[in-house]
Amino acid sequence: MKSKNYFNKKFRLINIYNILLIISMILFVIAIVGISFIRLKQGYDVNLKLLIIPGILILIVIALLKGYLTKKVSKEYKIKYINKALKNEYDNFKYNTKGNLNTEILKILNWNPEGNIFSYSRRKVTMNDNISGSYKNSKFNQNALRVVEEQKKKDRFGDGEHIEKKVIFDGIITELELNKAYETIVICTDDIFISYLKNIIKTESNEFNKIFKISAVSEQDAFLYLTPKMMEKIKYLYDEILSDSFFMLINKDKLYVGQNYANDLFEPNFKKKINEEEIIKDFKGTMMYIKQVIDVLELRKEK
């Protein structure tokens, strides 16, 4: 396992690469502008290719070194501190840098891993940081996901087309176990989670309907699940525990809770020195919601 000093040294090296990259870009631009000025004013015949090609190669090498080191150190950092912070917090705890989520759920949300949902639009999914375990005999499986929507747009001028990219989800999805199976139900705070789903329903609670949008394959199953007591629990999770932008997707005997944080919760801050106590405290706090959701929704299973 890598030491604190190891990470501090690597963080400093990554920051040095950043500085070198910025300085190299500035010097490259200054050199190009300067030589162009000399050619115009003094009439010297200077071959710009002799400067441009080496300059570009230097920038590429620095960028590649920085990218490789950043990815490597980030992976080592997560392996060490996620395990150190959470291994004793949950039973059967496991961490894997690769994602492991049921892709059927992504298709329900129209987050198709292969893209090509429509001819004019597709959504690409990247998945990593799989954390699994159990709490009070209730299993969980969490994954970090980033979903980017790509849309073809016509150029403002001319007949060409270009691709516009928009991040529509950047957060975590956690799979939990239910004590009963239901047909698909989606409860969410944002249209982006439900915009392509059909059969939108309303509950008898106007307060609940103002906050959440609901789609269900079976209205009967939806109302069986969304009892007044359950709606109070979901509203409590929204008010006190989960992020403002989230969804709950029920599919068979599984509950999927998605939270849109717009960042990577476990990514290291390369500009700060390692403070192990602070990192462990932050990671425990980040994962506390799993215990809270299981307790609030009473997902505990009998042994």
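Described in the following lines is the structure provided in the data block. All residue numbers here refer to positions counted from 1 along the written sequence of the relevant chain. This being a predicted model, a pLDDT of at least 70 is required before a residue's local features are given, and a value of 80 or more before pairs of side-chain atoms are given or counted; all residues contribute to the totals for chains, interfaces and linings. Just so you know, side-chain values use all the structure's heavy atoms and leave hydrogens and water out.

Here we take up the pattern of salt bridges. By convention in these notes, a salt bridge is any Lys or Arg side-chain nitrogen within 4 Å of a carboxyl oxygen on Asp or Glu. A complete count under the given rule lists 14 salt bridges for this structure. Notably, a salt bridge pairs lysine 78 with aspartate 129, separated by 2.8 Å at the nearest N-O pair. Of this pair, lysine 78 sits in helix H2 (residues 49-86) while aspartate 129 sits in strand E2 (residues 121-135), and the two are 51 residues apart along the sequence. Each member of the pair, lysine 78 as well as aspartate 129, is classed as buried. Here lysine 84 and glutamate 276 are joined by a salt bridge, their closest N and O atoms 3.4 Å apart. Of this pair, lysine 84 sits in helix H2 while glutamate 276 sits in helix H7 (residues 276-296); the two residues are 192 residues apart in sequence, bridging distant segments of the chain. Burial here depends on accessible area, computed with a 1.4 Å probe over protein chains only, as a share of the maximum for the residue type. Under 20% is buried, over 50% is exposed, and the range in between is partly exposed. Under the relative-accessibility criterion, glutamate 276 is labelled buried at 17%. Salt bridges sharing partners connect three or more residues here, namely Lys78, Asp129 and Glu267. For the purposes of this entry, the term helix denotes a DSSP run of H or I that reaches at least four residues, the term strand denotes a run of E that reaches at least two, and both are numbered from the N terminus.

Here the aromatic set is Phe, Tyr and Trp, taking the six-membered ring for Trp, and pairing holds for ring centres within 6.5 Å; pairs whose planes are under 30 degrees apart are stacked, those over 60 apart are edge-to-face, and all others are tilted. Enumeration over the complete set of coordinates arrives at 16 aromatic pairs. Measuring from ring centre to ring centre gives 4.9 Å for phenylalanine 266 and phenylalanine 283, while their planes differ by 85°; the resulting arrangement is edge-to-face. Placement of phenylalanine 266 in the loop between strand E7 (246-260) and H7 and of phenylalanine 283 in helix H7 is noted, with a sequence separation of 17 residues between them. On the basis of relative accessibility, which here comes to 2%, the residue phenylalanine 266 falls in the buried class. Here a set of aromatic residues connected by ring pairs shows up, and it is made of Tyr6, Phe7, Phe11, Tyr77, Tyr81, Phe266, Phe270 and Phe283. Lysine NZ or arginine CZ positioned within 6 Å of the ring centre and within 35 degrees of the ring normal marks a charge as sitting over the ring. Above the ring of tyrosine 6, the side-chain terminus of lysine 2 is found at 4.9 Å from the ring centroid. The lysine or arginine in question, lysine 291, covers the ring of tyrosine 90, its NZ or CZ lying 5.2 Å from the ring centre.

Let us look at unusual backbone geometry. Not every positive phi belongs to a glycine, and asparagine 92 is a case in point at roughly 55°. Judged by relative accessible area, which is 63%, asparagine 92 ranks as exposed. Despite not being glycine, lysine 252 has its phi angle at roughly 60°, a positive value.

Function-wise, these values are silent; they only describe arrangement.
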